[in-house]
Amino acid sequence: MTRPVRPVPVRGLADDPPFTVRAAVHSQVAHLASPGLLGHPDAVHIPLTGHNLLLTLTATGTEEVVLRSLRAEVTDRLPLRADGVSLARTRMPDLVMSADLLESVQRAVRAYRRLRGPDVAVHLDASPAPVLAETAAGSALPLTAAPGTSAILTCAPVTDDGRWVRWRLTAEIMCAGRVWRPWWDLTVTATTGLTRFGPDAAPTPAPVHALHPDHYDPGDPEGRRAASETDGTFEVVAHTSRDGRGVLGTPSRPDPDPEPPGAAETIRRAAALTRAGDLSGAADAYRSAAEAGSGQAAYLLGGLVRDRGDLDGAARWYERAAARRVPAAYNNLGVLAMLRGDLDAAEHWYRRGMDAGDWAAAVGLGVVREKRGDEAQAEELWRLAGKRDVPNADQNLAVLYQRQGRHREAGELFTRAAGAGDVQAAVHVGLRCHEAGDRAGAERWWRTAADAGSAEGAFYLGLLLVRDGRAGEGERLWERAAERLGTPGRAVARTPSGPEAGTTYRVGGAAESGEVYAAHHLGLLHRERGDHDTALGWWTLAAGAGHVDSVFGLCELYLNERGDLAECLRWAYVALEIEGVPVGRVEALAGGMRQVAEQLAGAGGAYEPDPGAAVEVCSLAAEAYRRLTAHDSAYRPAWEEAVRRLVALAEASGSPRARQRAASAAARLRAAG
């Protein structure tokens, strides 16, 4: 219930009185009837018995205002037909029966406000109609508001009638010798549509005050019933619609469109070709079935195309599958949108997947919400998906807990996920073992991950073995991991259940970055052996994936070992483009390039004089200082000096191209102010 407090329009105040009086219904649970269901053109919101009716009296003039009496009169009792119930909850339930209820439940938790203890109870089943007056013993009336102040009276309407009870509340208000009698038309019902569930008992119907103890209970007017009576139970929305069903269950997945004749046999043949390694033949077979109208073939072809790195092609085939109502296609379209960084599209497709009952989509939606700063919803999505053993749910939740400092909970989840076969969790448990000095445990978990295909597990295991003197085995592990460098979609893991299951998304970006680390360490290993060609090969692979240390390693090797200034400068510009490079590394690069430029400008240095090359190197130094200045103005003098030196070197070189380059750098400096 996203609006647990709802205003009620006041009637009978035609003139402009020296006060305002407002009524609002505050309820934790209400029946909902869609437009037209009860003969009304609008939706009807019917609060349950025992809620708060808040009357707020404000004296807006110079005289005090007095609410002297209230009269409650039932105007109608009609059969109740509703579409469902809406609850404001204190917490998430222990079970959500339907994926499509999850978001509304979370909104209800955020909107929850505890009910007030009522000043008066309005017993609507009494006859004659109840009148609350100032003369009654123990009455909360009169209610007085001094000039410029407000007073609040809290009523609790009470009924045992399961019908749609419509009633009118009339007030008598006095101010400056005049009397006003405004009224409000209200509704209430005692039908809850709720059931109490417990671990050791059969489900039983329950009145609203049994599940929401702050609703007024006529049997406990002082509100002494302990809230602990509800411990160990959870609330489930019940279905009270015209179809007569009981508890609202998980929605069934939509049946995909019928497969065309012969599609099943073609899909089996394509699967056999895939197992045999003939991916091209498999793709052709899937394509023929998909173009004949097979949603399953389109889905499976989308997976093959995605694994080749063609995200646009994969999206086209997944969209075909989604159009034929293959449930997991919605989820995988969400995954592709995540890989592109399009959170809006990802959320759209993940929600479509959840509507189809796909809990893999709940994992992806949790990633979207986490990226948007809604960690509470992400946590709940992953917690619920984890209970269903959805891949990556526990892993993602553990990463979130760890970031929040909830280390014990994170550790338990990592261990549980690792035991269930999550290779990334196994890597993390190995790290925890290693930090605790348990080298045998670290090796065991990392080997488990590596054997399951984790490049990160292979990297850490290889590092452990190299440091233990088992360099041969460690190097082979690194080579096996680095061979996978560049595989697309490293942040996802496929659920091995065929076209009925979607791909799940893992938090942390390219989680299996072990292939990059392995390639970098292989480069280090071969450089130490003096095998610069092999080192360059491995570092080029790692640098292509954005590994900063490998990029700088290439700059150094090309300059100092190969004497290839052009390649050095090419990789130096790559370093400037990598997001998040430490400022100190950029500053060191700029300073080093300035020194190289000076040596190239004259005799006596480590390099043969080359005015043109000096300009190229000094230009890179100026660009590095420009980017540093954009983040910290303290680098401005160094940038200005680099540009001045660049202009001088360009003039001395006599090269029109060099002068043009220097002029462009000087123009950027002037434009920056």
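Only a predicted model underlies this, so the values are computations on that prediction, with no experimental measurement involved. (Residues numbered from 1 in each chain as written. Predicted model: local features only at pLDDT ≥ 70, side-chain atom pairs only at ≥ 80, totals over all residues. Heavy atoms only, no water.)

1. Overview of the overall build of the protein
Moving on, step 1. When helices and strands are counted, the protein shows 24 helices and 19 strands.
Moving on, step 2. Considering the protein as a whole, with its 673 residues, one finds that 49% of them fall into the buried category.
Moving on, step 3. The contacts in the protein between residues at least 6 apart in sequence include a share of 63% that link residues at least 24 apart.
Moving on, step 4. Accessible surface, the protein: about 30,600 Å² in total, of which carbon and sulfur atoms supply 50%. (Helix = DSSP H or I, 4+ residues; strand = E, 2+ residues; numbered from the N terminus. Buried < 20%, exposed > 50% of the residue type's maximum accessible area, 1.4 Å probe, protein only. Contact = heavy atoms within 4.5 Å. Areas by Shrake-Rupley, 256 points an atom, 1.4 Å probe, with all protein chains shown as cover.)

2. Focus: the pattern of salt bridges
Moving on, step 1. Counting across every chain of the model gives 43 salt bridges.
Moving on, step 2. A salt bridge links arginine 383 to glutamate 380; the nearest nitrogen and oxygen atoms lie 2.4 Å apart. Placement of both arginine 383 and glutamate 380 in helix α10 (residues 375-387) is noted, with a separation of three residues, approximately one turn of the helix.
Moving on, step 3. Using a relative accessible area of 9% as the deciding quantity, one classes glutamate 380 as buried.
Moving on, step 4. Through salt bridges with shared partners, one network takes in Asp344, Glu347, Arg351, Arg369, Arg372 and Asp374. (Salt bridge = Lys/Arg side-chain N within 4 Å of Asp/Glu carboxyl O.)

3. Quick word on the packing of helix α21 (residues 583-601) against helix α22 (residues 611-631)
Each pair of packed helices can be described by the angle between their axes along with the distance between the axes.
Moving on, step 1. Taken N-terminus to C-terminus, the directions of α21 and α22 make an angle of 155 degrees; their axes are 8 Å apart at the nearest point. It follows that α21 is roughly antiparallel to α22 by the angle criterion. Both α21 and α22 take part in a crossing whose hand is left-handed. Of α22, the residues touching α21 (which contributes Val583, Val586, Glu587, Leu589, Ala590, Gly591, Met593, Arg594, Val596, Ala597, Leu600 and Ala601) are Pro611, Ala613, Ala614, Val617, Cys618, Leu620, Ala621, Ala624, Tyr625 and Leu628.
Moving on, step 2. Within the contact of α21 with α22, the residues separate by chemical class into 19 nonpolar, one polar and two charged. (Axes fitted to C-alpha atoms, helices over the stretch in contact; angles between N-to-C directions. Parallel < 35°, antiparallel > 145°, perpendicular 65-115°, else oblique. Left-handed = near helix turned anticlockwise from the far one by under 90°. Nonpolar A, V, L, I, M, F, W, Y, C, P; charged D, E, K, R; others polar.)

4. Notes on the nonpolar core
Among soluble globular proteins, nonpolar side chains are generally buried collectively.
Moving on, step 1. Residues Met338, Tyr350, Trp382, Trp446 and Trp478 are the most contacted members of the largest nonpolar core, which totals 61 residues.
Moving on, step 2. Here tryptophan 446 is in contact with Ala426, Val427, Gly430, Leu431, His434, Gly457, Tyr460, Leu461 and Leu464, once residues within four sequence places are set aside.
Moving on, step 3. Of all hydrophobic cores here, the second largest spans 52 residues; its members include Cys568, Trp571, Val581 and Tyr635. (Core = buried A, V, L, I, M, F, W, Y, C linked by side-chain atoms within 4.5 Å.)

5. Some points on the sheet that holds strand β1 (residues 5-8)
Moving on, step 1. Taken together, five strands build an open sheet; the order of strands is β1-β2-β5-β11-β8 and the sheet is mixed. The open sheet has two edge strands, β1 and β8 (120-123), and neither has a second partner. Across the sheet, the axes of successive neighbouring strands diverge by a mean angle of 30 degrees, strand direction being ignored.
Moving on, step 2. As paired strands, β1 and strand β2 (residues 19-26) are joined by four bridges and run antiparallel to one another. Opposite arginine 6, over in β2, you have valine 25 as the bridge partner. (Pairing = 2+ DSSP bridges.)

6. What about the packing of aromatic side chains?
Moving on, step 1. This structure, assessed with the given rule, holds seven aromatic pairs.
Moving on, step 2. Geometrically, the ring pair formed by phenylalanine 459 and tryptophan 478 is stacked, given 6.2 Å between the ring centres and 25 degrees between the ring planes. Here tryptophan 478 lies in helix α16 (residues 471-482) and phenylalanine 459 lies in helix α15 (residues 455-467), a separation of 19 residues in the sequence. The residues phenylalanine 459 and tryptophan 478 share a single accessibility class, namely buried.
Moving on, step 3. Pairwise contacts between aromatic rings join Trp446, Phe459, Tyr460, Trp478 and Tyr517 into one cluster.
Moving on, step 4. Directly above the ring of tryptophan 164 sits arginine 166, whose terminal nitrogen or CZ lies 4.6 Å from the centroid. (Phe/Tyr/Trp six-rings, centres within 6.5 Å; stacked < 30°, edge-to-face > 60°. Lys NZ or Arg CZ within 6 Å of the ring centre and 35° of its normal.)

7. A short note on the pairing of strand β7 (residues 84-87)
Two faces belong to every sheet, and in a regular strand the side chains alternate between them.
Moving on, step 1. A two-sided burial pattern is seen for β7, the buried positions comprising Gly84 and Ser86 on one face and Val85 and Leu87 on the other.
Moving on, step 2. Where strand β3 (residues 29-33) and β7 come together, four bridges link them in antiparallel fashion. From the neighbouring strand, leucine 32 faces β7, where its bridge partner is glycine 84.

8. Topic: the confidence of the model for the protein
Close inspection of predicted coordinates is inappropriate for parts of the model with low pLDDT.
Moving on, step 1. In this model, the protein carries an average pLDDT of 80, and 84% of its residues clear a pLDDT of 70 or more.
Moving on, step 2. Low pLDDT (under 50) marks residues 508-512, which in the prediction has 17 contacts with non-local residues, meaning those over four places away or in another chain. (pLDDT = per-residue confidence, 0-100.)

9. A closer look at α10
Moving on, step 1. With 13 residues, α10 should reach 18 Å at 1.5 Å per residue; the first-to-last C-alpha distance of 18 Å fits that figure.
Moving on, step 2. Listed as buried for α10 are Gln377, Ala378, Glu379, Glu380, Leu381, Trp382, Leu384, Ala385 and Gly386.
Moving on, step 3. With its phi angle positive at about 60 degrees, aspartate 389 sits one or two positions after the end of α10. (Expected span 1.5 Å × (residues − 1).)

10. Side note on the sheet that holds β7
Moving on, step 1. In space, the three strands of this open sheet follow the order β4-β3-β7, with antiparallel pairing throughout. Each having just a single partner strand, β4 (44-47) and β7 make up the two edges of the open sheet. Along the sheet, successive strands turn relative to each other by an average axial angle of 30 degrees, direction set aside.

11. Here's the deal with the side chain of threonine 58
Moving on, step 1. Structurally, threonine 58 can be placed in strand β5 (residues 52-59).
Moving on, step 2. Residues contacting threonine 58, with those up to four places away along its chain left out, are Pro18, Phe19, Thr20, Thr149 and Ser150.

12. Regarding the environment of asparagine 52
Moving on, step 1. Along the polypeptide, asparagine 52 turns up in strand β5.
Moving on, step 2. Remark: the alpha-carbon pair of asparagine 52 and valine 5, spanning 47 residues in sequence, is separated by 9.1 Å.
Moving on, step 3. What asparagine 52 contacts, discounting residues up to four positions off in sequence, is Ala24, Val25, His26, Leu115, Arg116, Thr154 and Cys155.
Moving on, step 4. Here the side chain of asparagine 52 touches arginine 116 through a polar contact of 2.7 Å, landing on its backbone nitrogen. (Polar contact = N/O pair within 3.5 Å; in protein donor to acceptor, adjacent residues only side chain to side chain.)

13. Some remarks on helix α12 (residues 407-419)
What sets the pattern is the α-helix's 3.6 residues per turn: residues three or four places apart point alike.
Moving on, step 1. Given a rise of 1.5 Å per residue, 13 residues ought to cover 18 Å, and the 18 Å separating the end C-alpha atoms of α12 matches this to within 8%.
Moving on, step 2. Listing the buried residues of α12 in full gives Ala410, Gly411, Leu413, Phe414, Ala417 and Ala418. All buried residues of α12 project into a common sector of 165 degrees when viewed along the axis, lining one side. Across from the buried face of α12, at angles greater than 90 degrees, the exposed residues are Arg408 and Gly419.
Moving on, step 3. Among the structural elements, α11 (393-403), α13 (423-435) and α14 (439-451) are those in contact with the buried residues of α12.
Moving on, step 4. Glycine 421 occupies a position one or two residues after α12 and carries a positive phi of about 105 degrees. (Arc of directions from axis to C-beta.)

14. Quick look at the packing of α15 against α16
Moving on, step 1. Following both chains from N to C, one finds α15 and α16 inclined at 160 degrees, their axes separated by 8 Å at the closest point. With respect to α16, the axis of α15 lies roughly antiparallel. Regarding α15 and α16, the two cross each other, and that crossing is left-handed. Within the contact between the two elements, α15 uses Ala455, Ala458, Phe459, Leu461, Gly462, Leu463, Leu465 and Val466 and α16 uses Ala471, Glu473, Gly474, Glu475, Leu477, Trp478 and Ala481.
Moving on, step 2. Class assignment of the residues belonging to the contact of α15 with α16 gives a composition of 11 nonpolar, two polar and two charged.

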